[in-house]
Amino acid sequence: MKKIIFKVLKVVLLALFLIAAIVPLYWVIVTSLKGNKEIYSYPIKYFPESPTLENYVYLFEVSNFGVYFRNSALVALVGSMGALLISTFSGYAISRLRKKRTKLLLILAMYFTQMIPTYMVMVPLFTMFASIGKTDNLLSLSLVYINMMIAFSTIMGKSFFDRIPVALEEAAMIDGCTPVQVISKVIIPLALPGISAIFSFSFINIWNELFLAVMLLSSESKMTIPVALNSFISKAGISWGVLSAGIVVALLPTIIVFAFAQRYIIMGLTEGAVKE
Amino acid sequence: MQRENGKYLYLIPALVFLGIFTYFPIVRGTIFAFQDYKLYNMSNIRFNGLENFKAIFTDPNFSFVQIIFNTAIWIFVSLFFQFMLGFVLALLMWKPFKGRGIYSGLVFYPWALSGFAIGLIWAWMFNGQFGLINDVLLKLHLIESNIGFLSDPKFAMISVIIINVWYGIPFFAIMILAALQSVPKELMDAAEIDGASPWKRLFSIIIPYIQPTIVSTTLLRVMWIMNFPEIIYATTGGGPSNATNILSTQMINKILKFYDYGQGSALGVIIMVILFTYAIFYLRLTSQGEENFG
């Protein structure tokens, strides 16, 4: 009897967690499919009575969401590829360093930058790019994003490389591989799950980043999606329908990446990674 | 030896990036903290000693004591519920069941979402007029009239913390679920056969086994929550009347709303001092420095 009560309780609790997790996503999607009349009507409708895509049409035809989406995709891809490339090397190097003190120092230097929240450096970064006339530039922002993910990716990469035995590399060297070939032909294939985790992490974090982009970008044609959403909330006359549609477009890529890379992401998270 | 030097070469790109885009800006930012530096008064940038700090501590509109108090509440109340609920969820998901893979995707996905977008979604759900939450509570007869969750100073902090808890549950559930794999199954089975109650099993087997994970994730999470302004920025902006203002949102407001880079940077310095103090405390407390960094 006690066992049955426990089982029922368990199912009920699991269901409650599920509902709590899903409702906000459901609600933003439903709102994005309602016309203005339905959104601002009372009593509230839990399902759209006459679903419409007018909010999405507004996003892409009146507002420039196609451009924002392209900008976001550009900085997220350049940023996460760049960070991955750089930190594959640095993570590998730290993992294979033999000098204990240098190693500790480098790891601490990584953890230190990891501790500093990105918005902390947004003013100095802005003045730095302003002094060479490179604000409002997607390349500048991409460089900043590469940097934003380097420390984290290096730490994560190191912990993955730690598990690949050195003997494997030595064998490859004896077979005549150059050091770069050792990395590209031996290490990377073995570290592929780790690399997928690092890439997904960076992509998600960069895609979601708001404050650095707000600080560095000013013209409308350069905006990323978070910046555009931010400008929506200060703009009068943007309805919750359009805003909800914008949020759905903003969330979609991260949900897709999470769905495909969930295993790797969870592995990366629990691999002793510091930030989130 | 040559190979060891080659490894240092691999480090150069990463270190150059961090030097230019993190370390140098931190130094610059620290200098700004001691300057009168306002975007609308750029021709008059000059050192002003501790003026920025004085202004922050004595600001009549944004009581610093209240900001510190808010920050503490924000961190510890959020953390407590994130942890407790994450723990419960992890325990519920421990034993495999049909569809656990899909289930985990559906409850863990909030982890991947942007804090800013989540703030916006909940701002709409908490809306005082057309909000879903008011409507549900009214229908359940739990409230008699709509509540201005985000506009009423009495409710604002609770509301933003609820959002933060919702956002943080997956993180703890993922971490604890992974740690639970280290609890030996035979031990659990034996305890069950011996008739140990679920509580007893929880406190004398499960918790001792996963304690290192609990300690390190909660301690690290403190820093993370402290530096997570997106939700508050998207919902209340720190208002109404300073009720939800925390250190990080105040810093962002100073920069993005008041264009006062001097005071913003000074707040940054204050945050960094707190972070360092805390990091040292963390390393001492876990005393696994060697292990983690080796």
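Please refer to the structure higher up on the page.
Residues numbered from 1 in each chain as written. Chains lettered and ligands numbered in written order. Predicted model: local features only at pLDDT ≥ 70, side-chain atom pairs only at ≥ 80, totals over all residues. Heavy atoms only, no water.

K.L.:
Is there a simple way to think about the overall build of chain B in this case?
P.N.:
Looking only at helices and strands, chain B features 13 helices and two strands. Across its three principal directions, the C-alpha atoms of chain B cover 75 × 75 × 30 Å. Of the contacts formed within chain B by residues at least 6 apart in sequence, a portion of 66% connects residues at least 24 apart. As presented, chain B carries roughly 13400 Å² of accessible surface, and 68% of it is formed by carbon and sulfur atoms. In chain B, the 18 positive side-chain charges and the 15 negative ones have mean positions that sit 3 Å from each other. (Helix = DSSP H or I, 4+ residues; strand = E, 2+ residues; numbered from the N terminus. Contact = heavy atoms within 4.5 Å. Areas by Shrake-Rupley, 256 points an atom, 1.4 Å probe, with all protein chains shown as cover. Lys, Arg positive; Asp, Glu negative; His and termini not counted. Charge placed at Lys NZ, Arg CZ, Asp CG, Glu CD.)

K.L.:
Looking at this structure, I do not really get the environment of Ser182 of chain B. What am I missing?
P.N.:
Residue and element names in this part refer to chain B. Within the element layout of this structure, Ser182 appears in the loop between α7 (153-180) and α8 (185-193). Sequence separation between Ser182 and Ile210 is 28 residues; the distance between their C-alpha atoms is 7.6 Å. Separated by 2.7 Å, the side chain of Ser182 and the backbone oxygen of Ala179 make a polar contact. (Polar contact = N/O pair within 3.5 Å; in protein donor to acceptor, adjacent residues only side chain to side chain.)

K.L.:
Explain unusual backbone geometry here, please?
P.N.:
Most peptide bonds take the trans form, and the phi angle of most residues other than glycine is negative. Cis peptide bonds are those with omega within 30 degrees of zero, and the linkage from Gly239 of chain B to Pro240 of chain B qualifies with -10 degrees. Non-glycine residue Asp136 of chain A carries a positive phi angle of around 55 degrees. Along the chain, Asp136 of chain A falls in the loop between α6 (122-131) and α7 (138-161). Residue Asp136 of chain A is classed as buried on the basis of its relative accessible area, which comes to 16%. At Asn242 of chain B, a residue that is not glycine, the phi angle is positive and equals roughly 70 degrees. In this structure, Asn242 of chain B sits in the loop between α10 (230-235) and α11 (247-256). By relative accessible area, which is 5% here, Asn242 of chain B ends up buried. (Buried < 20%, exposed > 50% of the residue type's maximum accessible area, 1.4 Å probe, protein only.)

K.L.:
Would you mind showing me how to read the pattern of salt bridges here?
P.N.:
Working definition: two side chains of opposite charge can pair if their charged atoms are close together. Residue and element names in this part refer to chain B. A full pass over the atoms with the stated rule returns ten salt bridges over all chains. The residue Lys139 makes a salt bridge to Asp135 at a minimum N-O spacing of 2.9 Å. Of this pair, Lys139 and Asp135 are both found in helix α6 (residues 132-139), four residues apart, which corresponds to roughly one turn of the helix. As a salt-bridge pair, Asp189 and Lys185 come within 3.3 Å of each other at their nearest N and O atoms. Within this pair, Asp189 and its partner Lys185 are both found in helix α8, separated by four residues, close to a single helical turn. (Salt bridge = Lys/Arg side-chain N within 4 Å of Asp/Glu carboxyl O.)

K.L.:
Can you walk me through the nonpolar core in this structure?
P.N.:
The tendency in soluble globular proteins is for nonpolar side chains to be buried as a group. Leu229 of chain A together with Trp74 and Leu89 of chain B are the most contacted members of the largest nonpolar core, which has 198 residues in total. Here this core takes 17 residues from α7 of chain B, the largest share from any one element. Excluding anything up to four places from it in sequence, Leu229 of chain A contacts Phe65, Leu243, Gly246, Ile247 and Ala250 of chain A together with Phe116 and Leu120 of chain B. (Core = buried A, V, L, I, M, F, W, Y, C linked by side-chain atoms within 4.5 Å.)

K.L.:
It is not clear to me how the packing of aromatic side chains should be interpreted in this structure. Could you clarify?
P.N.:
Two numbers describe a pair of aromatic rings. These are the distance of the centres and the angle of the planes. A complete count under the given rule lists 42 aromatic pairs over all chains for this structure. Centroid distance Trp27 of chain A to Tyr46 of chain A: 6.2 Å. Interplanar angle 85 degrees. Geometry classified as edge-to-face. Here Tyr46 of chain A lies in the loop between α2 (36-39) and α3 (54-62) and Trp27 of chain A lies in helix α1 (residues 2-32), a separation of 19 residues in the sequence. The class for Tyr46 of chain A is partly exposed, based on a relative accessible area of 28%. With centroids separated by 6.0 Å and ring planes inclined at 75 degrees, the aromatic side chains of Phe62 of chain B and Phe258 of chain B adopt a geometry described as edge-to-face. With a gap of 196 residues between them, Phe62 of chain B in the loop between α2 (51-58) and α3 (64-94) and Phe258 of chain B in the loop between α11 and α12 (261-286) connect regions that are remote in the sequence. What links up through ring pairs into an aromatic cluster is the set Trp122, Phe126, Phe149, Phe155 and Trp166 of chain B. Above the plane of the ring of Phe171 of chain B lies Arg221 of chain B, whose end atom (NZ or CZ) is 4.2 Å from the centre. (Phe/Tyr/Trp six-rings, centres within 6.5 Å; stacked < 30°, edge-to-face > 60°. Lys NZ or Arg CZ within 6 Å of the ring centre and 35° of its normal.)

K.L.:
Is there a simple way to explain the side chain of Thr127 of chain A in this structure?
P.N.:
Tracing the chain through its elements places Thr127 of chain A in helix α6. Those residues in contact with Thr127 of chain A that lie beyond four places of it in its chain are Arg28, Phe32 and Tyr37 of chain B.

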